[in-house]
Amino acid sequence: MAERFAMSRSPIREALIRLAGEELVVTLSNRSTIVAPIEVASFPKYVEALDVAQRMNTRLAAALRTEADLKIIARRQKEFEAAVKTDQHLKMSEANKQFHMAVAYAGKNAYLASFYERLLNQGQRMLHLHFEYLERTGDGYLLTDEHDLMLEAIREKNVERADELAHAHTRQFQDNFIAFLRENYTTDVSFGPLAAAE
């Protein structure tokens, strides 16, 4: 990696330590490092934690936001809309995270925002699959519409509506990710009759 990125080993090592701390990479016994596998079995617990963090941060944003916060959230939403138009999942994922973190910062609780950011970081790889599924099924418009509704609830200081939308946003992610996992790409493939083994 140091050779590939034309860097010394120290910053690479520091970056890997940080990624390991965020559970995004795993160091093996032979000292090699790999991307942490997506643990499908832990997905329900992940979504449960994400739902709590998303709802709490969004509720606080609706209650405590300032006009300056609103401008930042609206700017992040415009950036997300622009990223969606590029069809580049990495840009979409990062812009989505920045929108939600702008909401979290508007909630004025650094501890909750930090916990939320860690969950968003861990979920970014699943989000790529989520975006891919939405694009393929033609439901991509939901991505920007839901953010617009959340922004409106925060603007109106409607705490209950913001909470309801944040919860629905998590459920949409959960449902689409599960639908992605259930997809069967071989349903329309005809294999023909099997020949008897000789």
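In case you missed it, the structure is sitting above this.
Conventions we followed
Counting starts from 1 at the beginning of each chain's written sequence and moves along it residue by residue. In keeping with the predicted nature of the model, local features appear solely for residues at pLDDT of at least 70, side-chain atom pairs appear and are counted solely at 80 or more, and the whole-chain, interface and lining totals rest on all residues. Side-chain measures here rest on the full set of heavy atoms in the structure, leaving out hydrogens and waters. Pairing of aromatic side chains requires ring centres within 6.5 Å, counting the rings of Phe and Tyr and the six-membered ring of Trp. Pairs whose planes differ by under 30 degrees are stacked, by over 60 edge-to-face, and all others tilted. Strands are runs of DSSP state E lasting at least two residues, helices are runs of H or I lasting at least four, and both sets are numbered from the N terminus onward. Throughout, exposure labels follow a simple rule: accessible area from a 1.4 Å probe, protein chains only, divided by the maximum for the residue type, with under 20% read as buried, over 50% as exposed, and the rest as partly exposed. For this analysis, a nonpolar core means a set of buried residues of the types Ala, Val, Leu, Ile, Met, Phe, Trp, Tyr and Cys, connected via side-chain atoms within 4.5 Å. We call two residues in contact when some of their heavy atoms are within 4.5 Å.

(A) Representation of the packing of aromatic side chains. All chains considered together, the criterion is met by three aromatic pairs. Between the aromatic rings of Phe43 and Phe173, the centroid separation amounts to 6.0 Å while the plane-to-plane angle is 65°, which identifies the pairing as edge-to-face. Here Phe43 is found in helix H2 (residues 43-64), whereas its partner Phe173 is found in helix H7 (residues 159-182), with 130 residues between them in sequence. A residue is classified by how much of its surface remains accessible, and Phe43, at 6% relative accessible area, is buried.

(B) Broad picture of unusual backbone geometry. With a phi close to 65°, Lys108 is a non-glycine residue in the positive phi region. Topologically, Lys108 is positioned in the loop between helix H4 (89-106) and helix H5 (110-137). Judged by relative accessible area, which is 46%, Lys108 ranks as partly exposed. Its identity as a non-glycine residue notwithstanding, Lys157 has a phi of 60°, on the positive side. As for its position among the elements, Lys157 is in the loop between helix H6 (141-155) and H7.

(C) Inspection of the nonpolar core at higher detail. Core analysis: the largest hydrophobic core is formed by 21 residues, its most contacted members being Phe43, Tyr46, Leu50, Met101, Tyr116, Met126 and Phe173. Here this core gets seven residues from one element, more than from any other, and that element is H5. Not counting residues within four places of it along the chain, the set of residues in contact with Phe43 comprises Met126, Phe173, Gln174, Phe177 and Ile178. Counting 15 residues, the second largest nonpolar core, distinct from the first, contains Phe99, Val103, Ala106 and Leu165.

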